[in-house]
Amino acid sequence: MSVVVRIPEDLHDQVKRIAALQGRQSTDVLRDAWAQYLEAHRTDLAANLEQAAELLRNGDTQGLAELASSSVDARAAGAAEAARS
C-alpha cells in the first residue's frame with residue numbers, strides 16, 4: 001500500500017535527478033533517505049517516545065503538553081534556520 005505525500009517541488013526535482021543519475025526510482029531514493037534518517041536519529045526518537053510514554057503512564061498531561069510544545073518549538077526553530085540558509 002502506498003499513500004501520496006506532498007513535498008516541495010524543488011525537493012521533488014532533486015530526488016528525481018538523483019534517482020535518474022543512479023538508475024533508480026524516486027520512491028527508492030526517498031525510502032533509503034527515510035531509513036537513513038531513522039537510523040541516525042533512532043536514539044533520540046526512542047528517548048522522546050519513552051519520555052512521552054512515562055508521562056502518559058503517570059497521567060502527567062501538563063508534562064505531556066510541555067513535551068509536545070517543546071517539539072513544536074524545536075521544529076519551528078529548525079524551519080527558521082533552514083529558511084535563513
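Up top is the structure.
Quick caveat: nothing in here was measured; it's all calculated off a predicted structure.

Reading guide: rules and limits
Residues numbered from 1 in each chain as written. Predicted model: local features only at pLDDT ≥ 70, side-chain atom pairs only at ≥ 80, totals over all residues. Heavy atoms only, no water. Helix = DSSP H or I, 4+ residues; strand = E, 2+ residues; numbered from the N terminus. Rg over C-alpha atoms; globule rule 2.2 N^0.38 Å. Buried < 20%, exposed > 50% of the residue type's maximum accessible area, 1.4 Å probe, protein only. Areas by Shrake-Rupley, 256 points an atom, 1.4 Å probe, with all protein chains shown as cover. Lys, Arg positive; Asp, Glu negative; His and termini not counted. Charge placed at Lys NZ, Arg CZ, Asp CG, Glu CD. Axes fitted to C-alpha atoms, helices over the stretch in contact; angles between N-to-C directions. Parallel < 35°, antiparallel > 145°, perpendicular 65-115°, else oblique. Left-handed = near helix turned anticlockwise from the far one by under 90°. Contact = heavy atoms within 4.5 Å. Nonpolar A, V, L, I, M, F, W, Y, C, P; charged D, E, K, R; others polar. Phe/Tyr/Trp six-rings, centres within 6.5 Å; stacked < 30°, edge-to-face > 60°. Salt bridge = Lys/Arg side-chain N within 4 Å of Asp/Glu carboxyl O. Patch = residues over 30% accessible without salt bridge, like charges linked within 9 Å, V, L, I, M, F, W, Y side chains within 5 Å.

A.B. asks: Please provide a residue-by-residue account of the overall build of the protein chain, values included.
C.D. replies: Within the protein chain one finds 3 helices and 0 strands. Tracing the protein chain from N to C terminus, the helices and strands come up as α-α-α. The C-alpha radius of gyration of the protein chain comes to 17 Å, more than 25% above the 12 Å expected for a compact globule of 85 residues. Its C-alpha atoms put the protein chain at 50 × 30 × 25 Å along the principal axes. The proportion of buried residues among the 85 residues of the protein chain is 8%. A total accessible area of about 7,200 Å² is found for the protein chain, and carbon and sulfur atoms account for 57% of it. Charge-centre separation for the protein chain: the mean point of 9 positive side chains lies 8 Å from the mean point of 13 negative side chains.

A.B. asks: Tell me what's going on with the packing of helix α2 (residues 26-57) against helix α3 (residues 61-84), and back it up with residues and numbers.
C.D. replies: Running from N to C, α2 and α3 cross one another at 155°; their axes reach a closest spacing of 8 Å. With respect to their mutual orientation, α2 and α3 come out roughly antiparallel. Here α2 runs over α3; the crossing is left-handed. Contacts between α2 and α3 involve Asn 48, Gln 51, Ala 52, Leu 55 and Leu 56 from the former and Gly 63, Leu 64 and Leu 67 from the latter. Here the contact of α2 with α3 is built from residues that sort into 5 nonpolar, 3 polar and no charged.

A.B. asks: Please set out the packing of aromatic side chains residue by residue, giving values where relevant.
C.D. replies: Inspection of the entire model under this criterion finds 1 aromatic pair. Ring geometry for Trp 34 versus Tyr 37: centroids 5.5 Å apart, planes at 15°, classification stacked. Residue Trp 34 and its partner Tyr 37 are both found in helix α2; the two are separated by 3 residues, about one turn of the helix. Given the relative accessible area of 51%, Trp 34 is considered exposed.

A.B. asks: Describe the pattern of salt bridges, and please don't skip the residues or the numbers.
C.D. replies: When charged atoms on two side chains of opposite charge get close, those side chains can pair. Tallied over the entire structure, the rule returns 6 salt bridges. Residues Glu 39 and Arg 42 are paired through a salt bridge, measuring 3.2 Å at the closest nitrogen-oxygen approach. In this pair, Glu 39 and Arg 42 are both assigned in helix α2, 3 residues apart and thus about one turn of the helix distant. Arg 42 sits in the partly exposed class, given a relative accessible area of 46%. Among the ionic pairs, Glu 81 bridges to Arg 84, the shortest N-O distance being 2.9 Å. Taken together, the residues Glu 81 and Arg 84, both in helix α3 and 3 residues apart, mark about one turn of the helix. By relative accessible area, which is 44% here, Glu 81 ends up partly exposed. Several salt bridges converge on common partners, so that one network encompasses Glu 50, Glu 54 and Arg 57.

A.B. asks: Let's hear about a nonpolar patch on the surface: which residues, and what values?
C.D. replies: A cluster of nonpolar side chains, contributed by Met 1, Val 3, Val 5, Ile 7, Leu 11 and Leu 30, occupies part of the molecular surface with about 650 Å² of accessible area. Position of Val 3 among the secondary structure elements: in the segment before α1 (9-22). Of the residues examined, Val 3 reaches a relative accessible area of 63% and is grouped as exposed.

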